Structures are given as structure tokens and as C-alpha cells.
Amino acid sequence: MLIKSDKLKGILERAYEGKAPTREECVYLLEFEETSMESSMIRAVSNDIIRRNSENSAIILGQIGVDITKCPGGCKFCTFGEDHTAMVEKRLTDEELRQKVKEFVQMGDLYGLYLMMMHDYELPVLLNAINISKELSPKTTQIWVNIGDTDLDTFKELKKAGVTGVYHVCRINEGVDTKLKPEDRIATMDNALEADLELYTCLEPIGPEHTPQMLVDNMFIGIERGIYQHAAMRRVAVPGSPLAKYGQISNLRLAQIVAVVGLASFMVPTMAYLGIHEPNELSYASGSNIITAESGCNPRDTNNDTAKGRGMDMNDCRKMLWECGFDYLRRGDESKIALTKEYVDQCFTNQSEN
Ligand code: SF4
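Report on the accompanying structure. (Residues numbered from 1 in each chain as written. Predicted model: local features only at pLDDT ≥ 70, side-chain atom pairs only at ≥ 80, totals over all residues. Heavy atoms only, no water.)

What to know about the overall build of the protein chain
Turning to step 1, where the next piece is worked out: When its secondary structure is counted, the protein chain shows 12 helices and 13 strands.
Turning to step 2, where the next piece is worked out: Scaling as 2.2 N^0.38, a compact globule of 354 residues should have a C-alpha radius of gyration of about 20 Å, and the protein chain matches this with 19 Å.
Turning to step 3, where the next piece is worked out: Structurally, the protein chain occupies a C-alpha span of about 60 × 50 × 40 Å along its principal axes.
Turning to step 4, where the next piece is worked out: With 354 residues in all, the protein chain has 58% of them scored as buried. (Helix = DSSP H or I, 4+ residues; strand = E, 2+ residues; numbered from the N terminus. Rg over C-alpha atoms; globule rule 2.2 N^0.38 Å. Buried < 20%, exposed > 50% of the residue type's maximum accessible area, 1.4 Å probe, protein only.)

A look at the pairing of strand β1 (residues 57-65)
Turning to step 1, where the next piece is worked out: Burial runs high along β1: 9 of the 9 residues are buried.
Turning to step 2, where the next piece is worked out: Every second residue of β1 is oriented toward a common face, with Ser 57, Ile 59, Leu 61, Gln 63 and Gly 65 on one face and Ala 58, Ile 60, Gly 62 and Ile 64 on the other, all of them buried.
Turning to step 3, where the next piece is worked out: Two strands pair when backbone bridges link them, and β1 and strand β12 (residues 328-330) are joined in this way by 2 bridges, in the parallel orientation. Along β12, the bridge assignment pairs Ser 57 with Tyr 328.
Turning to step 4, where the next piece is worked out: Bridging between β1 and strand β4 (residues 112-116) involves 5 bridges; their strand directions are parallel. By the bridge assignment, Gly 65 is partnered in β4 with Met 116. (Pairing = 2+ DSSP bridges.)

Thoughts on the packing of helix α4 (residues 94-105) against helix α5 (residues 123-136)
Turning to step 1, where the next piece is worked out: The geometry of α4 relative to α5 is characterised by a closest axis approach of 10 Å and an angle of 40° between their N-to-C directions. In terms of axis orientation, α4 runs oblique to α5. Crossing of α4 against α5: the hand is right-handed. Residues Asp 94, Leu 97, Arg 98, Val 101, Lys 102 and Val 105 of α4 form the contact with α5, whose participating residues are Asn 128, Ala 129, Ile 132, Ser 133, Glu 135 and Leu 136. (Axes fitted to C-alpha atoms, helices over the stretch in contact; angles between N-to-C directions. Parallel < 35°, antiparallel > 145°, perpendicular 65-115°, else oblique. Left-handed = near helix turned anticlockwise from the far one by under 90°. Contact = heavy atoms within 4.5 Å.)

Quick word on the packing of aromatic side chains
Turning to step 1, where the next piece is worked out: Evaluation of the coordinates by the stated rule reveals 9 aromatic pairs.
Turning to step 2, where the next piece is worked out: Look at Trp 144 and Tyr 228: their rings are 6.2 Å apart centre to centre, the planes differ by 35°, and that puts the pair in the tilted class. Of the two residues, Trp 144 sits in strand β5 (residues 142-146) while Tyr 228 sits in the loop between α8 (212-223) and β9 (229-234), which places them 84 residues apart along the sequence. Each member of the pair, Trp 144 as well as Tyr 228, is classed as buried.
Turning to step 3, where the next piece is worked out: When the ring of Tyr 284 is compared with that of Phe 326, the centres are 6.4 Å apart and the planes differ by 80°; the resulting orientation is edge-to-face. In this pair, Tyr 284 is assigned in helix α10 (residues 281-284) and Phe 326 in the loop between α11 (314-323) and β12, connecting sequence segments 42 residues apart. Across the pair, Phe 326 and Tyr 284 agree in class, each one buried.
Turning to step 4, where the next piece is worked out: Chaining the aromatic ring pairs together yields one cluster made of Tyr 114, Trp 144, Tyr 167, Tyr 200 and Tyr 228. (Phe/Tyr/Trp six-rings, centres within 6.5 Å; stacked < 30°, edge-to-face > 60°.)

Points about unusual backbone geometry
Turning to step 1, where the next piece is worked out: Between Glu 204 and the following residue, Pro 205, the backbone shows a cis peptide bond with an omega angle of -15°.
Turning to step 2, where the next piece is worked out: Looking at the element boundaries, Pro 205 is found in strand β8 (residues 203-206).
Turning to step 3, where the next piece is worked out: Although it is not a glycine, Asn 173 sits at a positive phi angle of roughly 65°.
Turning to step 4, where the next piece is worked out: Within the secondary structure, Asn 173 is located in the loop between β6 (165-167) and α7 (182-194).

What about the site of the ligand?
Turning to step 1, where the next piece is worked out: By nearness alone, every residue bordering the ligand is listed as Cys 71, Gly 74, Cys 75, Cys 78, Phe 80, Gly 81, His 119 and Arg 171.
Turning to step 2, where the next piece is worked out: Taken together, the residues that form the shell around the ligand break down as 4 nonpolar, 3 polar and 1 charged. (Near = heavy atom within 4 Å. Nonpolar A, V, L, I, M, F, W, Y, C, P; charged D, E, K, R; others polar.)

Here's the deal with the side chain of Asn 289
Turning to step 1, where the next piece is worked out: Mapped onto the elements of the fold, Asn 289 is located in the loop between α10 and β11 (290-296).
Turning to step 2, where the next piece is worked out: The class for Asn 289 is buried, based on a relative accessible area of 1%.
Turning to step 3, where the next piece is worked out: Here the side chain of Asn 289 touches Leu 274 through a polar contact of 2.8 Å, landing on its backbone nitrogen.
Turning to step 4, where the next piece is worked out: Asn 289 has contacts with Ile 50, Ser 54, Ser 57, Ala 58, Ile 59, Ala 272, Tyr 273, Leu 274, Tyr 284 and Phe 326, leaving out every residue within four places of it along the chain. (Polar contact = N/O pair within 3.5 Å; in protein donor to acceptor, adjacent residues only side chain to side chain.)

So this is what it looks like as C-alpha cells:
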């Protein structure tokens, strides 16, 4: 028998019966070394359950950073934190935004488009970006926002403007490694849900110094609220950011963590997709089924247009998902596109002809 631990065997067998691991069991799953056989089994089971539940489908999201300012969020891991940023302030013009939206939606296979702004954002600027995105996107692409702490009335206005969902997190060490209050972050998540918006959250930003207990405490903030998408993100050692000195976890460790997030969260009735930041093949073989193409500014990049830096484009995303064996891409209305080698090649050809 490969699995020596009865405890591990029990957790994985119960997952196949639809029972999520408890908090204490998640800590146990995260205590295994990422190179261990046990970690490989955890990743394999999460991958198998999630692919069966989704007919082996994945989704592509696009994120556009609309503006860059010195951000009062002051996050010590982020390239925009006001006390350490070297970025030059910039806002995309309407024309630049139009161009980026068109690049994302031209093949009609983008599930959702995120508009990202800093912690302090100007609502009219965001509403304008939403209008442009809606005008250029097919009905099968949802519009999402990734913005700072927000009250209920503003979320209701965003919902009226056509927004489907919100990415929001209470980060690991929020209030210690950031200037923001955990209670405000959580209140924003609750406001989004009360405004009838879908909530997408993430266990982030994970560094080598974070214990399994810290990871579990953070991942359950979203699980207990009824999220639509969960995810895991490792902290990138952005040059110049104060936490860069701690280094990074490996993609293999990140894949183990996302597998545990998947096992713990896929029993939430509203939960549909599992993300990973940044995209990597090990995580797509461990339960993750969301990939994000990025353009404009990006908190993990010192290039003010991440499409020219760390960010992946749509073709990179399609190719990585195909290489990882997914059979379908889902559009934002859950309709399916067969993800074949021919489809991936055709998209490359179309892009080079445009
Ligand atoms: S992570 Fe977000 S809130 Fe924090 S400094 Fe960066 S842009 Fe601001």
C-alpha cells in the first residue's frame, strides 16, 4: 500500500465521497514536504475530483490594470506600495483600454474580464472602464472588478453597471504587512455578497515564512462565506519590495497548497473554479482550472505594462491549458469550446494575421 497513513487515506477517501477536510485536517495535509509521496497523492486526488466535476474544463480570465498610483494600501509585497514604489503614475487612456479589451475578447473564449484599480479608486473612472469593456465584450464574457475596500451602495451601483463579480481578499498578515484593516477587507467581501455579486477570493500572498496554520486560517475566510472561485498565490519577490528578502516558495509547494484549497473548497455549493497565480503546469495538474492573462499594471511586476513583462497573453494561456490536458474551455455563460491542438494553432494564426 502506497499510503502508509490511515489518517491521510481517510481524508482522501472522504473527499471522493464529497466530504471536505476540516481545518485541522488541512493543516495536516500542508505539513507534508512538497517532494513527498503524500503530497503527490494529495495533488492527484484534488486534480481527479475537480476534473471529474467540471467535465475536464478550464477557464481563461483576463485582467487589465487600469491605473497606477502610489497606493496607500502600502502592502510590503506589492510593487505599488506608497512607501517603496518606484513606479511612475499612469492611467490607461480610453484608446489603450479599448485595444487591450479587444485583444482579450477577439476569439470569444474569455470567461471573465477583470478591471483592476488601486486601493483608492475613482468611481467614475471605473464606471467608464466598465462601460468600454461591456461595449466591446461578447455577452459570454463576464465583467469583474478587483478594487479596494468598497461599501454596499457602490457595489450595488457596479452591479447595475453590469459587473458580475468581485475579486477581494483578506491577505495573510493583513494589517501587519499592509496598512489595511482585516475587518475592512472582510466587510468588503460581505458587502459584495450582499449586493448579489459573485465573490472570488484567494489564499495570498504565500511566502516561505507562513505556517500551515496561517495558510488554513486564511483560506477558510473565503470558504466560510460562499465563494464562487478560490485560488492560491505565491508572493513574488518583487525587487524593491520589503518582503522580497524572505524569498519565494517553489511552484511544487504552491501546487500542494492549491490542491488543499481545492479539496477544502469544492464542497461549497457555489464554488465553480480554482485559480493559481502565477500560472504553472504543476498547479494545473493539482486541481487548478483557472488561468489569467494580464495586461496593464500588475502588483507582481515592475513593468508598467505586464503584457511586456511577467503577464501571459491569451495564446500563452490556451497553449498552457491544452498542454495540461484540459478538454474544454468554458465561456462566461458556461458554454464549452473544445480545446484541441487545432483550436490553439488557429488562435495563434488569427492573432498573427491581425
Ligand atoms: S496589493 Fe493592492 S492595496 Fe496593496 S499596495 Fe498593491 S495595489 Fe495597493
